[in-house]
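So you can see what is in the structure, the chains are spelled out below.
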Amino acid sequence: MPSTRDIRRRIKSVKNTAQITKAMQLVAAAKMKKAQDQASNGRSYAELMNKILVALKESAEEGIHPYFSEGKGNKTLVLVIATDKGLCGALNTNLLKKVVSTNLEGEVEFVTIGRKAAQGLARLRKTLIADFPIKDPVKFAEVHSVGKFIQDKFRSGEYKSVYVAFNNFINTVTTIPSVEQILPVNPVTLGGKRSFDETSKEVDASELPQYTFEPGAATVFETVLPQYVNGTIYQMILEARASEHSSRMVAMKNATDNAKQMLKDLSLEYNKLRQAAITNELLEITTAKMALE
Amino acid sequence: MPLKLEIVTPEARIFSDEVDSVVLPGAEGEIGILPAHAPLVTTLQVGELRITKGGKTTEMAVGEGLVEVTGAYARILTDMAIDADQIDEKAVEQALERAKHSLESIKHGEKQEDVAAVMAMIQRNTAQLQLKKKRRTV
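In this text, all values refer to a predicted model and were calculated from it rather than measured experimentally.

Reading the values: the criteria
- Residues numbered from 1 in each chain as written.
- Chains lettered and ligands numbered in written order.
- Predicted model: local features only at pLDDT ≥ 70, side-chain atom pairs only at ≥ 80, totals over all residues.
- Heavy atoms only, no water.
- Salt bridge = Lys/Arg side-chain N within 4 Å of Asp/Glu carboxyl O.
- Helix = DSSP H or I, 4+ residues; strand = E, 2+ residues; numbered from the N terminus.
- Buried < 20%, exposed > 50% of the residue type's maximum accessible area, 1.4 Å probe, protein only.
- Pairing = 2+ DSSP bridges.
- Axes fitted to C-alpha atoms, helices over the stretch in contact; angles between N-to-C directions.
- Contact = heavy atoms within 4.5 Å.
- UniProt positions renumbered as here; feature names shortened; annotations may be inferred.
- Buried area = accessible area lost by both parts, 1.4 Å probe.
- Polar contact = N/O pair within 3.5 Å; in protein donor to acceptor, adjacent residues only side chain to side chain.
- Nonpolar A, V, L, I, M, F, W, Y, C, P; charged D, E, K, R; others polar.
- Phe/Tyr/Trp six-rings, centres within 6.5 Å; stacked < 30°, edge-to-face > 60°.
- Domains from an automatic or database assignment.
- Expected span 1.5 Å × (residues − 1).
- Bend = angle between axes of the 7 residues up to and from the residue.

### Digging into the pattern of salt bridges
Residues and elements named next belong to chain A.
And then number 1: Per the stated rule, a full pass over the model turns up 18 salt bridges over all chains.
And then number 2: Note that glutamate 244 is salt-bridged to arginine 248, the shortest N-O span being 3.3 Å. Taken together, the residues glutamate 244 and arginine 248, both in helix H6 (residues 217-292) and four residues apart, mark about one turn of the helix. Of the two residues examined, glutamate 244 and arginine 248, each falls in the buried class.
And then number 3: A salt bridge links lysine 253 to aspartate 257; the nearest nitrogen and oxygen atoms lie 3.4 Å apart.

Rendered as structure tokens:
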């Protein structure tokens, strides 16, 4: 049986914890709003780019650009975008689970963004070849170094394909861990909507127009495809960041609610104990008095 | 048949409407696009873009990107698209000044990507200023 003092001490510490989680919830909520807006604003650009390039890939001649076909090697490169900080629910765990359960061919090597990704993959004894620190909020210029690294690797021919694992942002309470193929150019899903479905409805291979390329197909692709890779990675990071702040907000809200419930239970117990002690004392006094009479 | 024009940047969908024609800076000089244009894919250069609709012309400063044209629509994906009316000349001039300054400081550090980024910034700023100046003289 805990004493009233023990309970008082626990109430105090739970109160402190609730205060901290509440503050973190508010901070996350503010960041969440911004990250969500950024993610949803950028989506149409990335989606349209993907849609156009997938359509062009279908109509392009074989071997016009290395990004349209698989590399010669048999290795697979995976870029994992996780968070730097914890306390965001099962976000990173789910992402890593998804990565592990995805069937990837050949030898798999990893590139990471975010400390949690590097830590998690190291724990699973995976081959890690690079880790990029990306600040929050993310700047487009920072993504260039990641994009360039990945493209150099792919162009070297060692890798068959490149995938990106990240959390797709659907809404504040739902995020979907996804693994998407970025190279060779492939339909990708951003924000849960499969952009390829629309494309396949809109453009049938037979009714694709015969495009004229200016100045030439190879030149256009050479300019546009690196932009596409960088832009898509940027959008994926935005999705991951929106998911991160949303899940942290939700996790902290749950923590605050739990702490409040706990406070309620504890104070009930405290009051019961206090009342029991008072009743006991009263009993003692009355018995003592009766004994004297 | 009208031409459906879409201009999208990473920040937002800037423009999406039916227009009569659009003139844009393509890879090999300015290209005018009218409805039922032959299917075309080209790169967009930094410069100015003119949209004509019902006899009214809107001008925009645009950055690098991709243009896809089929008979019915023109899609422009670019990293910058600013309406001429919204260009803040003073702010752009300051940004240009800053960019030029940082270009000089980087040149000694010789980081290829940084130089490219700053050069692109200078080009974009210059395009905005030119568009603004041209408007004033007209």
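### Observations concerning the sheet that holds strand E5 (residues 40-44) of chain B
And then number 1: Spatial ordering of the open sheet is given by E8(A)-E5(B)-E8(B)-E9(B)-E1(B)-E2(B), a layout of six strands whose pairing is mixed. Lying at the two open borders of the sheet, with one neighbouring strand each, are strand E8 (212-214) of chain A together with strand E2 (13-19) of chain B. Sheet twist, expressed as the average angle between the axes of neighbouring strands with direction ignored, equals 15 degrees.
And then number 2: Pairing between strand E8 (residues 65-69) of chain B and strand E9 (residues 73-78) of chain B: five bridges, direction antiparallel. Of the residues in E9 of chain B, the one forming a bridge with valine 67 of chain B is isoleucine 76 of chain B.
And then number 3: This element, helix H1 (residues 4-59) of chain A, spans E8 of chain A together with strand E1 (3-8), E2, E5, E8 and E9 of chain B of the sheet and lies at about 120 degrees to E9 of chain B.
And then number 4: Set on the sheet, H6 of chain A makes contact with E8 of chain A together with E5 and E8 of chain B; between it and E5 of chain B the angle comes to about 55 degrees.

### Focus on the UniProt feature "domain: ATP synthase F1 complex delta/epsilon subunit N-terminal" (unreviewed entry) in chain B
And then number 1: The UniProt entry lists residues 3-81 of chain B under the feature "domain: ATP synthase F1 complex delta/epsilon subunit N-terminal" (unreviewed entry), expressed in the numbering used here.
And then number 2: Along residues 3-81 of chain B, the helical share is 0% and the strand share 70%, with 19 Å between the first and last C-alpha atoms.

### Observations regarding the environment of serine 102 of chain B
And then number 1: Tracing the chain through its elements places serine 102 of chain B in helix H1 (residues 89-109).
And then number 2: Considered as a pair, serine 102 of chain B and leucine 5 of chain B are 97 residues apart in the sequence and their alpha carbons are 36 Å apart.

### A look at the interface of chain B and chain A
Interfaces are often sized by the amount of accessible area the parts lose when they come together.
And then number 1: Each partner contributes residues to the interface: chain B has 26 residues there, and chain A has 23 residues.
And then number 2: Each partner contributes to the roughly 2200 Å² buried at the junction of chain B and chain A, and carbon and sulfur atoms together form 66% of this total.
And then number 3: The interface formed by chain B and chain A includes three residue pairs in polar contact (both at pLDDT 80 or more).
And then number 4: For the side of chain B that touches chain A, the elements supplying multiple residues, two or more each, are E1, E5, E8 and E9 of chain B.
And then number 5: Classifying every residue of the side of chain B that touches chain A by side-chain character gives twelve nonpolar, six polar and eight charged.

### Details of the packing of aromatic side chains
Residue and element names in this part refer to chain A.
And then number 1: One pass over the full model with this rule turns up four aromatic pairs over all chains.
And then number 2: Centroid distance phenylalanine 132 to phenylalanine 149: 5.5 Å. Interplanar angle 70 degrees. Geometry classified as edge-to-face. Within this pair, whereas phenylalanine 132 is found in strand E3 (residues 127-132), its partner phenylalanine 149 is found in helix H4 (residues 140-155), the two being separated by 17 residues in sequence.
And then number 3: The exposure class of phenylalanine 149 is partly exposed, given its relative accessible area of 23%.

### A closer look at the domain arrangement of chain B
All names here are of chain B.
And then number 1: Looking at the assigned domains, one finds that chain B contains domain 1 (3-84) and domain 2 (88-137).
And then number 2: The C-alpha centroid of domain 2 is placed 23 Å from the C-alpha centroid of domain 1.
And then number 3: Summing both sides of the interface, domain 1 and domain 2 together bury roughly 910 Å²; the carbon and sulfur share of this comes to 59%.
And then number 4: Taken as a group, Val46, Glu59 and Ala84 account for 46% of the area that domain 1 buries against domain 2, more than any other trio of residues on that side.
And then number 5: Between the two partners, domain 1 and domain 2, sit one salt bridge.
And then number 6: Residues arginine 124 and aspartate 79 are paired through a salt bridge, measuring 3.3 Å at the closest nitrogen-oxygen approach.
And then number 7: Contributions of two or more residues to the side of domain 1 that touches domain 2 are made by strand E6 (47-53) and strand E7 (56-62).
And then number 8: Split by residue class, the side of domain 1 that touches domain 2 holds six nonpolar, two polar and four charged.

### Considering the pairing of E6 of chain B
All names here are of chain B.
And then number 1: Bridge count between strand E3 (residues 21-26) and E6: three bridges; the pairing is antiparallel. Bridge pairing in E6 places valine 22 opposite isoleucine 51.
And then number 2: Linking two consecutive strands that pair antiparallel, namely E6 and E7, is a turn of two residues; a positive phi of about 55 degrees is found at glycine 54 within it.

### Let's talk about H6 of chain A
And then number 1: Over its 76 residues, H6 of chain A extends 111 Å from the first C-alpha to the last, a length consistent with the 112 Å expected when each residue adds 1.5 Å.
And then number 2: Most pronounced at valine 224 of chain A, the bend in H6 of chain A amounts to some 25 degrees, and the proline proline 226 of chain A follows within four residues.

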